[in-house]
Amino acid sequence: MVLTLADALERAKVNSRQFQAAITDLGLAREDRYQARAGLLPGVTYNNAFIYTQGNGTSSGRYVGNNGVHEYVSQGAAHETIGAAEILDYQRAAAAQALAKARAQIASRGLVVTVVQSFYGLLGTQTHTVKGDTSSNSAASSKKAEK
């Protein structure tokens, strides 16, 4: 099996608990910020209803609330409440996201450094081992030639 540096980095990102924890914290902080921002937006409600009654053929008829045979009701309302607490919550969430992003970058950089050092250390050891095997093989063959 041939392992490239890119493969080693991908495997390390998948298997590193610290890196995965930092990425998860970043995702949670991002979602907290989205929720805090949504708290600053106005709320909108819309109700739509109808009451469908049947007339009885007389001039008085069966009416609902004396409004008519068929009654349609649509109502919308927008409401917004902004206070210092909501603004501070958003600022806190934005700061927490920035901190989580910085921690994720630090974890990523640390992981890359560790993997690169280990990868090239392994390559150096393999090269050293291969060179050691060839020199010992050549020394053994030269001893056989002398006999």
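A.B. asks: Help me understand the overall build of the protein, please; the structure alone is not making it clear to me.
C.D. replies: For the protein, the count of helices and strands is 3 helices and 2 strands. Tracing the protein from N to C terminus, the helices and strands come up as α-α-β-β-α. Looking at the 147 residues of the protein, the share that counts as buried comes to 14%. In the protein, the share of contacts with a sequence separation of at least 24, taken over all contacts with a separation of at least 6, comes to 71%.

A.B. asks: Whenever I open this one, helix 1 (residues 5-15) confuses me. Can you help?
C.D. replies: Every α-helix carries 3.6 residues per turn, so stepping three or four residues along brings you back to the same face. Those residues of helix 1 that sit buried are Ala-8, Leu-9 and Ala-12. Axial view of helix 1: buried residues confined to an arc of 100°, hence all on one face.

A.B. asks: Would you explain the environment of His-70 in this entry?
C.D. replies: Relative to the helices and strands, His-70 resides in strand 2 (residues 70-79). As a C-alpha pair, His-70 and Ile-51 span 19 residues in sequence and 5.9 Å in three-dimensional space.

A.B. asks: Is there a simple way to explain the nonpolar core in this structure?
C.D. replies: A general trend in soluble globular proteins is that nonpolar side chains are found buried together. Core analysis: the biggest nonpolar cluster contains 7 residues, these being Ala-8, Leu-9, Ala-12, Phe-19, Leu-111, Val-115 and Phe-119. Secondary structure elements with two or more residues in this core: helix 1 and helix 3 (84-146). When neighbours within four sequence positions are excluded, Leu-9 is seen to be in contact with Val-112 and Val-115. Core analysis: the next-biggest nonpolar cluster, separate from the first, contains 5 residues, Leu-26, Ala-29, Ala-100 and Ala-104 among them.

Rules used in this analysis
- In this convention, every chain numbers its residues from 1, walking through the sequence in written order.
- Given that this is a predicted model, residues contribute local features only at a pLDDT of at least 70 and side-chain atom pairs are listed and counted only at 80 or more, while totals for whole chains, interfaces and linings are drawn from all residues.
- Hydrogens and water molecules were not included; the side-chain quantities draw on all heavy atoms of the structure.
- Under the scheme used here, helices are H or I runs from DSSP no shorter than 4 residues and strands are E runs no shorter than 2 residues, and both carry numbers assigned from the N terminus.
- Relative accessibility thresholds used throughout: buried, under 20% of the residue-type maximum; exposed, over 50%; partly exposed, between the two (1.4 Å probe, protein chains only).
- Contacts are assigned to residue pairs that have any heavy atoms within 4.5 Å of one another.
- Arc definition: directions from the helix axis to the C-beta atoms.
- Here the nonpolar core consists of buried residues drawn from Ala, Val, Leu, Ile, Met, Phe, Trp, Tyr and Cys, with membership extended through side-chain atoms lying within 4.5 Å.

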